[in-house]
Every structure is written in structure tokens, then in C-alpha cells.
Amino acid sequence: TAGVAGWGAALPATVVDNTIVGAGAGVTPEWIVKRTGISERRHLAPGERLDALCARAGDEALQQAGVAAADLDAVLVATSTADEVFPQAAPLVAGLLGADQAMCWDVSIACTGFVAGLAQGAALIESGRAEHVLLVGADAISRHVDPTDRGPAALFGDGAGAAVLTPGGAGRIGATVMGSDGARGGFLIAHRADGIVRMDGQEVFRHAIARMAECSLEALDREGLTVEDLTLVVPHQANGRITAALTERLALRPEQVVDDIADRGNTSAGTIPLALHRAAAEGRLPARGHVLLTAFGAGFAWGATVLHFGGAR
């Protein structure tokens, strides 16, 4: 079986608070907090690269796992905002780390990319095609935001989180449930022509809660678990109100839910690994127990999976 042996995280140095965002979007800092739960986020500065941020997160995860970059069999980068159209981010990240023998590819399914990447990485290990896999979830959505469009401008930040997957890692990767609805893809879209994020906030809000709840319950059912069995739930940090509504929909206790959005914003594919990295640092990951991950994003695409710690089944 495949599990997570180490976590890593990296954030840009540039902090963008609500005063700056509000001035450009014509809203108050208080409005942003009320609508999103976000007080500040990080942005890559001009000239800074996402692949370098991914490599920093990956390096920390490798050190924590005790795995050398040269021993990686695969490097997967979940991102929709690579520095170039091509090459993709993964081979560049592998090169920066010195993972010269690794197979590499990007997992480009927006905010759901990290969950999808866990399924791919676990499948490589479970099939015997790989032993050590580095998965990075990262995005630089700030490059694709109109600063006068208050919705995206208030929400999105940049960041990278990473996980090293190995046979028998501490957090065993359980059942993964994925879904999509391309007919509604236009509600959250960035066209190739200009790359600017445009979204129908109400439609995204409504579908995000419903789909994350559905796939979460299906993943738990496949594992023979209920909501009461969970130590933690780490949802994609899309919006503070979405997290609150999902908590209510699933009848979760507040202490079960990781809310990591206030000082990071929505980093798309980066939110779940960044939240897990912080939860691990704070001692919130269980020595023995179950952690649910769930995400929703552009596509529409969504997914959920369960991590089992300490041999818990």
C-alpha cells in the first residue's frame, strides 16, 4: 500500500493584505473577510517562478521522509499555472531537485489536482511501477486575476505544498472518489486568449458544497467509515463560507475541520497539502485515525480520499 512519508510547504515572501486588494477591487477589507474569511494572501513577485517554489516544498518533504531526490521514481506536480505553456512544471521541478531518473508529468485539474495526484501516485506504488513518488500541489493564480474583479482578486493566492509517497507511509492512501461536470465548466474558467479567471461565484458556491459532500460520503462508505470516525477533515480552502457550509452539511464538529484560508487565501491545488503541512506541524494529524481530504474546482471537477494513520482501518 502507498502512504505519505513526509510533508513540505513553500510560500512567496510577498504578503498582500486586504487593504491592497480592496483598493484595487473597490471593496473594504472588512467586506473581504466577511465574504471569504481571508485577511491576507501571498503572491509571487515579478520574475519569481512557480517551479522554484515547488522545489522548495518538495525538498522539505523529501528531507522529512528521509528520501533522496535521486531515489525518486516519479515527480508529479498538480498545477494549472505552470511558468510556461510547455515544458510542464514537473520535469523542471525534478531537475531543480536532482531527480534525474524520475518520470514526470503535471496533473492539470485545477483545485482538485492534489487529490487526483494522490490517486495517481498511490496507483504507481501499488502496481509496483514506482517506490518513491513526490507529489506537489501548487498554483500561482495571482498571475491570472483581474485586480478590479473583486471575487477572484479577494480569493486567490500563490503557494506550494508537497508530499512524498512511499510503500507503507504513515498516512495510507485509501479509496479515492472523483467526479466531473464539463457542462458547467463555463462557471469557472480562464480562456487561453487572456488567461484571466472569471467565475460565477453563486454557482461555484452551490456546486462546491454539494459535490464535496457527496464524494466525501461516498469515499467514507467505500472505507466502511462514517463522519464520526474521522479525526480531521481537510477540505480545499476555496472560501471560508464554503468550508463553514460543508461543515454544517456533513454535521462535522468544528475541531474536526482544518480551516487554513485566513492568511493564505485560495491557492488552488496548493491548499490541501499546505493545510496538511500546517496540521502536521501543529500536531493535529492523528497517531492513529482517519483524515478525509476533499476538493472542488474548475471543470467542474471534484474528489475525495481518506488517509489512514497508525494502521487504523
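Scroll up to find the structure.
Fair warning: this is a prediction, and the values are worked out from it, not measured in the lab.

Draft legend 1. Main features of the layout of surface pockets. Considering only enclosed or pocket space, the largest pocket measures out at about 790 Å³ in volume. Lining the largest pocket are 25 residues, with Ser80, Thr81, Ser108, His144 and Ala190 positioned closest to its centre. Of all the elements, strand 9 (residues 188–190) adds the most residues to the lining of the largest pocket, at three residues. The calculated volume of the second largest pocket comes to roughly 500 Å³. As for the second largest pocket, its lining consists of 27 residues, of which Gly151, Leu155, Met199, Gly201 and Asn239 are closest to the centre.

Draft legend 2. The pattern of salt bridges, seen in detail. For the coordinates displayed, the defined rule picks out 13 salt bridges. In this structure, the salt-bridge partner of Arg49 is Glu84, at a minimum N-O distance of 3.0 Å. Note that Arg49 is positioned in the loop between strand 3 (40–43) and helix 3 (50–65) and Glu84 in the loop between strand 4 (74–78) and helix 4 (89–97), a separation of 35 residues in sequence. Here Arg49 falls in the partly exposed class, since its relative accessible area comes to 32%. The residue Asp260 makes a salt bridge to Arg264 at a minimum N-O spacing of 2.8 Å. Taken as a pair, Asp260 and Arg264 share a single burial class, namely buried. When salt bridges with common partners are traced through the structure, they connect Arg49, Asp51, Asp83, Glu84 and Arg143 into a single cluster.

Draft legend 3. Geometry of unusual backbone geometry. In this structure, the amide linkage connecting Phe86 to the following residue, Pro87, adopts the cis form with an omega of 5°. Tracing the sequence through the fold places Pro87 in the loop between strand 4 and helix 4. Gly299 connects to Phe300 through a cis peptide bond whose omega is -25°. Residue position: Phe300 is located in the loop between strand 12 (289–297) and strand 13 (301–309). Positioned with a positive phi, Ala110 is a non-glycine residue whose angle comes to about 55°. Its location among the elements puts Ala110 in the loop between strand 5 (103–107) and helix 5 (113–126). The class of Ala110 is buried, set by a relative accessible area of 12%.

Draft legend 4. Expanded view of the pairing of strand 13. Burial runs high along strand 13: nine of the nine residues are buried. The alternating pattern of strand 13 places Ala301, Gly303, Thr305, Leu307 and Phe309 on one face and Trp302, Ala304, Val306 and His308 on the opposite face, and all of these are buried. Looking at chain direction, strand 8 (residues 171–180) and strand 13 are connected through eight bridges and run antiparallel. Counterpart to Ser180 in the pairing with strand 13 is Ala301. In terms of strand pairing, strand 12 meets strand 13 through nine bridges, oriented antiparallel. Opposite Gly297, over in strand 13, you have Ala301 as the bridge partner. In this structure, the hairpin formed by strand 12 and strand 13 is closed by a connection of three residues, where Gly299 is found at a positive phi of approximately 145°.

So, how was this worked out
- Residues numbered from 1 in each chain as written.
- Predicted model: local features only at pLDDT ≥ 70, side-chain atom pairs only at ≥ 80, totals over all residues.
- Heavy atoms only, no water.
- 1 Å grid on protein atoms, 1.4 Å probe; cavity = no way out; pocket = protein on both sides within 12 Å on 5 of 7 lines; lining within 4 Å.
- Points joined across faces, edges and corners; volume = space filled by probe spheres on them.
- Helix = DSSP H or I, 4+ residues; strand = E, 2+ residues; numbered from the N terminus.
- Salt bridge = Lys/Arg side-chain N within 4 Å of Asp/Glu carboxyl O.
- Buried < 20%, exposed > 50% of the residue type's maximum accessible area, 1.4 Å probe, protein only.
- Pairing = 2+ DSSP bridges.

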